[in-house]
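# Observations on the model geometry
Residues per chain are reported as follows:
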Amino acid sequence: MNKETLAIHAGYGKDSQGTMAVPIYQTTAFAFDSAQQASDRFCLQDLGNIYTRLTNPTTAILEARLAELEGGASAIATASGQAAIFYAVANLFESGDNIVISDKIYGGSVTLFKYTMKRFGLETRVFENDNPESIEALIDDKTKAIFFESLSNPQIAVADIDAISAIAKKHGVISICDNTVATPYLINPIAHGTDIVVHSCSKYMSGQGLALGGAIIDRDGLTEFFKDNPRYAHFSTPDASYHGLVYTDLPFPAFNLRIRLALLRDIGATPSPFNSWSLIQSIETLALRMEKHSSNGQKVAEYLESKSEVFNLNYPGLKSNKYYDLAKKYFKDGLCSGLLSFEVKDKDTAWKILDNTDIFSIVVNIGDSKSIITHPSTTTHQQIPLDEQKEIGITEGLVRLSIGLEDASDLIEDLETAFNS
Ligand SMILES: *Cc1c(COP(=O)(O)O)cnc(C)c1O
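Rules used throughout
- Residues numbered from 1 in each chain as written.
- Predicted model: local features only at pLDDT ≥ 70, side-chain atom pairs only at ≥ 80, totals over all residues.
- Heavy atoms only, no water.
- Helix = DSSP H or I, 4+ residues; strand = E, 2+ residues; numbered from the N terminus.
- Rg over C-alpha atoms; globule rule 2.2 N^0.38 Å.
- Buried < 20%, exposed > 50% of the residue type's maximum accessible area, 1.4 Å probe, protein only.
- Areas by Shrake-Rupley, 256 points an atom, 1.4 Å probe, with all protein chains shown as cover.
- Lys, Arg positive; Asp, Glu negative; His and termini not counted.
- Charge placed at Lys NZ, Arg CZ, Asp CG, Glu CD.
- Near = heavy atom within 4 Å.
- Polar contact = N/O pair within 3.5 Å; in protein donor to acceptor, adjacent residues only side chain to side chain.
- Nonpolar A, V, L, I, M, F, W, Y, C, P; charged D, E, K, R; others polar.
- Contact = heavy atoms within 4.5 Å.
- Expected span 1.5 Å × (residues − 1).
- Core = buried A, V, L, I, M, F, W, Y, C linked by side-chain atoms within 4.5 Å.
- Domains from an automatic or database assignment.
- Buried area = accessible area lost by both parts, 1.4 Å probe.
- Salt bridge = Lys/Arg side-chain N within 4 Å of Asp/Glu carboxyl O.

## Quick word on the overall build of the protein chain
In terms of regular secondary structure, the protein chain is built from 15 helices and 12 strands. Taken over the C-alpha trace, the protein chain has a radius of gyration of 22 Å; the compact-globule value for 421 residues is 22 Å, and the two agree within 12%. By principal-axis analysis of the C-alpha atoms, the protein chain measures approximately 75 × 55 × 35 Å. Taking all 421 residues of the protein chain together, 55% fall into the buried category. When the accessible surface of the protein chain is split by element, carbon and sulfur atoms take 53% of a total near 17500 Å². When the 36 basic and 53 acidic side-chain charges of the protein chain are each reduced to a single mean position, those positions are 2 Å apart.

Below is the structure:
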């Protein structure tokens, strides 16, 4: 089936009432028929629900849909994108290990790895996104993951996913791709050899800025990969916290099984059933919205390209952009989503544009139906010193736009007014 159809039907075959809309199972816990059944559920003899921190029927439908949309083996929905990224990495490392990350990723991921997880004993090594070969020299026998974004936020760089996945495979290291900005409608990293896909569902998946959410999708065949694999021995040796259970011995995708049984159990950043339901509604229109975000993004980018005050305009749908060929190669019909950035001469000029737009809201989110304008240097990246900001391409004149679903000519007129004010 195609993605448009999967986004509307996958994972839900209607309940006993014939309910068309997916029901919300707004409950914390589930009753057992008998003491025996309760006991069977806890030892995985019976896979029914126990407690919403672990599984919930509404969330299960969202998970099935996300797994199908990404072409993966299974999915786990989480309370936010940050929770998804934390679980995906925490599932692999122990103190003393290292992770190799792209130099073009979300600021929250950078602080998660470089500061928070450092305190847990994870070392972070940074590779050049535009030069995947730079990964090789960073890998050693303590490397547990390679982490990158398919279309990065806020740098709007396209990753050479085939090249990164091939290096990961060659060294037997798990690759993790954050596919938040591109979404599964534009690309399936797993089809390009990536092992794990993570999402912030709070952005384009939600699409209207309604609900936080995250997801982790694992590829088929990972259970085999983990069997007797010394780099990831904790998947194929007994887990003392689960009566000596061996994840690779069970007939389920081992990566996500361990996240559910061990990490969701212990850490618990599970989505509320209501947010899962909200995301299910949103994902029904993902294809339509991504087409429109992308065509609007293209039109606004072409308008900005014609303006002499604008430089370092970054939108991979423009022929002049250095990622144009990669975007054409990897993204469905060369569509590039709705995120773009550009520079003006200084902070005052950038702020003038922010303060004089009418349709654009000054917000640090992306992927909303409503267009958004951001000044990263004084907001999302404010905690990073100015000289370090420059090194990662965040200058004081940088403006980021998340192009919504309004009429493109209205957006262009609004920007023109702001430039001229
Ligand atoms: C927003 C974002 C995240 C974090 O997601 P939350 O849902 O806000 O926790 C992670 N990665 C990327 C690329 C993002 O844009």
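So that's the structure; there's more coming.
## Points about the site of the ligand
Near the ligand, the surroundings consist of 14 residues, among which Gly81, Asp178, Ser200, Ser202 and Lys203 are the closest. The contact in question runs from an oxygen atom of the ligand to an N or O atom on the side chain of Ser202, over 2.5 Å. Lys203 is positioned such that a nitrogen or oxygen atom in its side chain is 2.7 Å from an oxygen atom of the ligand. Alone, the ligand offers 380 Å² of accessible surface; in the complex the protein occludes 93% of this. Looking at the shell around the ligand element by element, the count peaks at 3 residues for helix H4 (residues 81-90). Tallied by class, the residues present in the shell around the ligand amount to 3 nonpolar, 8 polar and 3 charged.

## Remarks on the environment of Phe225
Position of Phe225 relative to the elements: it lies in helix H8 (residues 222-226). Its relative accessible area of 24% is what places Phe225 among the partly exposed residues. With sequence-adjacent residues up to four places away left out, Phe225 is seen in contact with Gly172, Ile174, Arg219 and Tyr232.

## Observations concerning helix H15 (residues 408-420)
Between the first and last C-alpha of H15 there are 18 Å, a value that for 13 residues agrees with the 18 Å anticipated at 1.5 Å per step. Buried residues along H15 sit against helix H11 (286-305), strand E9 (339-343), helix H13 (347-356) and strand E12 (398-402).

## Concerning the nonpolar core
Grouped together as the largest cluster of nonpolar side chains are 118 residues, with contacts concentrated most on Phe113, Ile176, Phe255, Leu304, Phe331, Phe342 and Leu401. When residues of this core are assigned to domains, at least three fall in each of domain 1 (3-281) and domain 2 (286-420). If sequence neighbours within four positions are ignored, Phe342 has contacts with Leu304, Val310, Phe311, Asn312, Leu313, Ile353, Gly397, Leu398, Val399, Leu401 and Phe419.

## With respect to the domain arrangement of the protein chain
For the protein chain, the domain assignment lists domain 1 (3-281) and domain 2 (286-420). Spacing between the C-alpha centres of domain 1 and domain 2 amounts to 29 Å. Note on domain 1 versus domain 2: buried area summed over both sides is about 2900 Å², and carbon and sulfur give 64% of it. Looking only at domain 1, the three residues that lose the most surface to domain 2 are Ile156, Tyr185 and Tyr204, adding up to 28% of its buried area. Run the count over domain 1 and domain 2 and you get 2 salt bridges. Note that Lys322 and Asp130 form a salt bridge whose closest N and O atoms lie 3.1 Å from each other. Taken together, domain 1 and domain 2 are joined by 15 residue pairs in polar contact (both at pLDDT 80 or more). Looking at the side of domain 1 that touches domain 2, the elements with two or more residues in it are helix H6 (161-171) and helix H7 (183-186). Examining the composition of the side of domain 1 that touches domain 2, we find that 4 residues originate from one element, H7, more than from any other. Its residues placed into classes, the side of domain 1 that touches domain 2 shows 16 nonpolar, 11 polar and 6 charged.

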